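Close look at the chain arrangement
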Amino acid sequence: MGLTITAGNLRARAARSRSRVVYVQPFEASSILTRRERVHLRRVLARFFPVRLRILRPMPLPVDACSDERGCRARALLDALTRRAPRRSLRIVGVTRRRVFDIYGEHGIGFASGIGERAVVVSVLQMPSARTRGVVLSKVVLHELGHAFGLGHCADPTCLMAMGAELSWMFYFCPRCRSGLKRNGLAVRRVKVPPWPPPKRVKPETRRLLRRLDRAGAEIILMPDSEISSGKRSRF
């Protein structure tokens, strides 16, 4: 028996396709992301999630969101992104060069609206430049999208949802987090060889400490590799 294709079927298929799109929204200028970084981010996202990536035209920063001294309020940026998101988009990722801080006044490189919410925002200000920034950016975007898709932090320091680890440790979504994404309706792909170097060896005592902190519900500050030597810290 042949399959009858109707206009209704085509519209439904197009709607499903649009609902599997993650949009990237640059703030102020499209040059925030280089062509190489766009290609890398698109490939990484497609490798882990059954989604497509689209880059939107740049939008201005919300008038009341930023100040010259402190930077931009994450909540204001996330609200603007939620309003900006195309109607059937899966999630939207904002990218800015400005410093971003949360409601407690702490600056960070990535923020999500909340567990299971629609928008995330990433600041590239403290990320390394040139070749290594694409890897750092991809890991931060995957981490924040994990929150947006319903995941909390993970005690496995090699997981992309790690609650406290060097970025170089973070390698993949661990089995527990993959199961969580599947329960939330997103079948994450199992990537045997992620597009970045393998993680550094994590000391057993570090793993034990992170598990204890995870059970206690503690929040840890993550340190991007580029800042470890300088002593700076960023929330993640």
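Higher on the page you've got the structure.
I will try to describe carefully the structure that is included in this document.

Conventions used here
Residues numbered from 1 in each chain as written. Predicted model: local features only at pLDDT ≥ 70, side-chain atom pairs only at ≥ 80, totals over all residues. Heavy atoms only, no water. Salt bridge = Lys/Arg side-chain N within 4 Å of Asp/Glu carboxyl O. Helix = DSSP H or I, 4+ residues; strand = E, 2+ residues; numbered from the N terminus. Buried < 20%, exposed > 50% of the residue type's maximum accessible area, 1.4 Å probe, protein only. Pairing = 2+ DSSP bridges. Contact = heavy atoms within 4.5 Å. Axes fitted to C-alpha atoms, helices over the stretch in contact; angles between N-to-C directions.

To continue, consider the pattern of salt bridges. Scanning all chains against the criterion turns up three salt bridges. The partner of glutamate 28 in a salt bridge is arginine 98, with the nearest N and O atoms 3.4 Å apart. Of this pair, glutamate 28 sits in the loop between strand S1 (21-26) and helix H2 (35-48) while arginine 98 sits in the loop between strand S5 (91-96) and strand S6 (100-101); the two residues are 70 residues apart in sequence, bridging distant segments of the chain. The exposure class of arginine 98 is partly exposed, given its relative accessible area of 30%. Residue glutamate 37 is joined to arginine 133 by a salt bridge in which the shortest nitrogen-to-oxygen separation is 2.7 Å. Remark: arginine 133 occurs in helix H4 (residues 132-148) and glutamate 37 occurs in helix H2; sequence separation between them is 96 residues. Take glutamate 37: its relative accessible area is 6%, and that puts it in the buried class. In this structure arginine 133 comes out as buried when scored by relative accessible area, which is 12%.

Moving on, we get to unusual backbone geometry. A positive phi angle, near 75 degrees, is found at glutamate 28, a position not held by glycine. A relative accessible area of 44% places glutamate 28 in the partly exposed class.

This part covers the sheet that holds S6. Pairing is mixed across the open sheet formed by four strands, whose spatial order is S3-S4-S6-S7. Two strands in the sheet have a free side with no partner beyond their single neighbour: strand S3 (66-67) and strand S7 (107-108). In the sheet, strand S4 (residues 71-73) pairs with S6 via two bridges, with the strands oriented parallel. In the sheet register, arginine 73 faces S6, and the bridge partner there is phenylalanine 101. Helix H3 (residues 74-84) rests against S4 and S6 of the sheet, and its axis sits at about 60 degrees to S4.

Moving on, we get to the sheet that holds S5. The strands making up a sheet are joined through hydrogen bonds of the backbone, oriented either antiparallel or parallel. Across the sheet, five strands lie side by side as S2-S1-S5-S9-S8; this open sheet has mixed pairing. Across the chains shown, the open sheet's two edge strands, defined by having one partner strand only, are strand S2 (52-55) and strand S8 (110-112). Each neighbouring strand pair of the sheet contributes to a mean axis angle of 20 degrees, computed without reference to strand direction. Bridging between S8 and strand S9 (residues 119-123) involves three bridges; their strand directions are antiparallel. Bridge pairing in S9 links alanine 112 to valine 120.

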